[in-house]
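Descriptive structure summary
Spelled out, the chains give:
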Amino acid sequence: MTSRPELQAPPEIFYNDDEARKYTSSSRIIEIQAKLSERALELLALPNDGVHRLLLDIGCGSGLSGETLTENGHQWIGLDISQSMLDVALEREVEGDLVLGDMGQGLDLRTGVIDGAISISAVQWLCNADKSSHEPRIRLKAFFGSLYRSLARGARAVLQVYPENLAQRELILSFAMRAGFSGGVVVDFPHSTKSRKEYLVLTCGPPSLSSAAPRGKGEDGESCSDEDSSGDEDNQSVCVSDRHRPRKKQKLNKKMKGREWVLRKKEQRRRKGTAVPADTKYTARKRKARF
Amino acid sequence: MRLLTHNMLSSNIKGVTNGFPLLIEVEKVVEKQVDFNEDFLRNMFPKIEWKALVEASRTMGYTELPENAESSMLDSDEFLRKFHHALIELHLEEGALVCPETGRKFPVNKGIPNMLLHEDEV
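Residues numbered from 1 in each chain as written. Chains lettered and ligands numbered in written order. Predicted model: local features only at pLDDT ≥ 70, side-chain atom pairs only at ≥ 80, totals over all residues. Heavy atoms only, no water.

What follows concerns the overall build of chain B. A count of helices and strands for chain B gives four helices and four strands. Ordering the α and β elements of chain B from the N terminus gives α-β-α-α-α-β-β-β. Compactness check: chain B gives a C-alpha radius of gyration of 15 Å against a globular reference of 14 Å for 122 residues, within 12% of the reference. Along the first, second and third principal axes, the C-alpha set of chain B runs to 50 × 30 × 20 Å. With 122 residues in all, chain B has 51% of them scored as buried. The contacts of chain B with a sequence gap of at least 6 include a subset with a gap of at least 24, amounting to 67%. (Helix = DSSP H or I, 4+ residues; strand = E, 2+ residues; numbered from the N terminus. Rg over C-alpha atoms; globule rule 2.2 N^0.38 Å. Buried < 20%, exposed > 50% of the residue type's maximum accessible area, 1.4 Å probe, protein only. Contact = heavy atoms within 4.5 Å.)

Right, here's the structure in full:
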């Protein structure tokens with residue numbers, strides 16, 4: 001059994017009552033969703049004038065991401081294909097309006113009315129053909145085309161996606177560009193397998209300085225804030241296996257253990273309580289050749 | 001579903017050129033108190049199709065909105081209150097939205113409009 005929900009069943013069937021229930025009961029899922037939507041809202045870069053906007057949440061599900069929008073005071077319209085998920089959203093009494101719809105059929109919204117759109121882990125579903133009438137390319141085109149139309153000029157759309165592979169990422173991005181969006185992919189924590197997250201940051205209109213994709217988190221050594229940052233974040237520099245290097249460089253590397261390294265090691269031994277010679281000016285000095 | 005959302009939705013059926021505004025069939029309307037936010041209303045006002053909002057609010061049984069509105073009216077607190085009530089506080093709980101061209105009905109259950117299209121409508 002695969003772990004990707006996209007490969008198991010169409011979304012309106014996969015997100016049944018049982019699956020939807022997880023989105024109210026599992027605090028882990030709730031926390032991740034909240035974090036993702038906070039980051040998406042941050043990337044949306046709405047003008048900081050305190051005016052509340054009308055936002056769109058594509059694949060709103062049980063309204064977890066919408067709650068983040070509500071907390072920030074925005075009004076939102078949520079779209080989802082799963083009735084069970086929307087029922088959970090009703091139970092949670094979310095503030096936004098919910099619409100049962102399929103993003104692959106195009107968004108049925110008027111032109112230029114939405115101030116921004118977010119989507120958490122939804123758009124990759126478009127790459128699947130779950131019915132005989134589904135053609136991923138047509139569905140992607142319909143989705144991005146209608147999204148472009150419904151957004152106001154200069155508005156942004158931030159879509160967090162889990163593309164299955166490189167080809168899928170390129171497919172999604174190319175259809176976004178074809179619809180007229182400018183922007184690109186922002187990758188948070190690219191060195192981590194677990195907390196790596198991809199966001200498509202799209203701006204309505206021609207490319208400009210303001211539409212340049214912002215930098216991802218954790219790109220240069222900045223570690224994740226929580227516990228799963230432990231192992232894989234530490235070795236930022238890629239270690240190339242020694243035997244693929246020319247001989248000269250290998251030797252250079254061995255020299256790296258200088259005085260500092262020796263002193264550190266001696267300090268370690270001392271702390272362990274073993275007998276260690278005192279540090280002098282001769283410590284870690286090379287012997288003369290004639291020795 | 002609020003009238004705010006109704007004002008944004010249009011019919012997406014293949015071949016329909018003007019799917020806006022969707023007609024409303026009312027079975028049940030609820031009113032929910034929402035905090036008054038002037039800035040949001042000012043921001044939304046130019047985007048609202050006023051005529052559609054007036055007609056929709058009348059079908060929902062709220063007749064206080066003036067026939068025409070201009071941005072200068074936003075200075076009046078009374079107008080803003082009415083606008084706020086019609087836009088955000090009136091909810092269509094049960095009923096249907098009807099495509100103005102084809103007459104196709106989109107049912108509204110528990111406040112959620114079902115905008116899913118059949119295969120031959122895409």
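So that's the structure; there's more coming.
By rolling a water-sized probe across the atoms, one finds the places where empty space is left. Inspection of the entire model under this criterion finds two cavities of 30 Å³ or more. If you add up the space inside the largest cavity, you get close to 60 Å³. Forming the walls of the largest cavity are Leu56(A), Ile58(A), Ile77(A), Leu79(A), Val99(A), Leu107(A), Asp108(A), Leu109(A) and Leu9(B). Put simply, the parts of the chain that give the lining of the largest cavity at least two residues each are β1 (54-58) and β2 (75-80) of chain A. Across the lining of the largest cavity, the residue classes break down as eight nonpolar, no polar and one charged. Roughly 50 Å³ of internal volume is contained in the second largest cavity. The class makeup of the residues in the lining of the second largest cavity is four nonpolar, four polar and two charged. (1 Å grid on protein atoms, 1.4 Å probe; cavity = no way out; pocket = protein on both sides within 12 Å on 5 of 7 lines; lining within 4 Å. Points joined across faces, edges and corners; volume = space filled by probe spheres on them. Nonpolar A, V, L, I, M, F, W, Y, C, P; charged D, E, K, R; others polar.)

For the rest of this paragraph, the subject is the sheet that holds strand β1 (residues 23-31) of chain B. All names here are of chain B. Read from one edge to the other, the open sheet built from four strands follows the order β1-β2-β3-β4, with strand pairing classed as antiparallel. The sheet is open, and its two borders are formed by β1 and β4 (112-113), each paired with just one other strand. Relative to β4, strand β3 (residues 105-109) is paired through two bridges, and the arrangement is antiparallel. Opposite Val 108, over in β4, you have Pro 113 as the bridge partner. Strand contacts of helix α4 (residues 77-89): β1 and β2 (90-98), with the helix running at about 60 degrees to β2, the strand carrying the most contacts. (Pairing = 2+ DSSP bridges. Axes fitted to C-alpha atoms, helices over the stretch in contact; angles between N-to-C directions.)

Before going further, it helps to spend a moment on the packing of aromatic side chains. For the coordinates displayed, the defined rule picks out 13 aromatic pairs over all chains. With a centroid separation of 6.3 Å and 75 degrees between ring planes, the pair formed by Phe144(A) and Phe181(A) is classed as edge-to-face. One end of the pair, Phe144(A), is in helix α6 (residues 136-150); the other, Phe181(A), is in strand β6 (residues 181-188), with 37 residues separating them in the sequence. Classification of Phe144(A) as buried rests on a relative accessible area of 0%. In this structure, Arg110(A) is placed above the aromatic ring of Phe20(B), and the distance from its NZ or CZ to the ring centre is 4.8 Å. It is Arg178(A) that lies over the ring of Phe175(A); its NZ or CZ is 4.6 Å from the centre. (Phe/Tyr/Trp six-rings, centres within 6.5 Å; stacked < 30°, edge-to-face > 60°. Lys NZ or Arg CZ within 6 Å of the ring centre and 35° of its normal.)

This part is about the pairing of β3(B). All names here are of chain B. Side-chain alternation along β3 places Phe 106 and Val 108 on a buried face and Lys 105, Pro 107 and Asn 109 on a face that remains uncovered. Between the antiparallel neighbours β2 and β3 lie six residues, among them Gly 103 with a positive phi of about 75 degrees. Taking the residues that link successive antiparallel strands as the turn, the β3-β4 hairpin has two residues, and the phi of Lys 110 there is positive, at about 50 degrees.

Quick look at the sheet that holds strand β3 (residues 97-100) of chain A now. Residue and element names in this part refer to chain A. The seven strands lie next to each other as β3-β2-β1-β4-β5-β7-β6, forming an open sheet whose pairing is mixed. Where the open sheet ends on each side, the last strands, each with one partner, are β3 and β6. Neighbouring strand axes in the sheet, compared pairwise and without regard to direction, differ in orientation by 15 degrees on average. Note that β2 and β3 share four bridges and pair parallel. Following the sheet pairing, Asp 80 is matched in β3 by Leu 100. Along the sheet face, helix α5 (residues 83-91) touches β2 and β3 and points at about 165 degrees away from the line of β3.

Cis peptide bonds are those with omega within 30 degrees of zero, and the linkage from Phe20(B) to Pro21(B) qualifies with -5 degrees. When you line up the elements, Pro21(B) lands in the loop between α1 (3-8) and β1. Positive phi outside glycine occurs at Ser121(A), with the angle close to 50 degrees. Tracing the backbone shows Ser121(A) in the loop between β4 (114-120) and α6. The residue Ala284(A) is not glycine, and still its phi comes out positive at about 60 degrees. When you line up the elements, Ala284(A) lands in the segment after α9 (259-272). By relative accessible area, which is 41% here, Ala284(A) ends up partly exposed.

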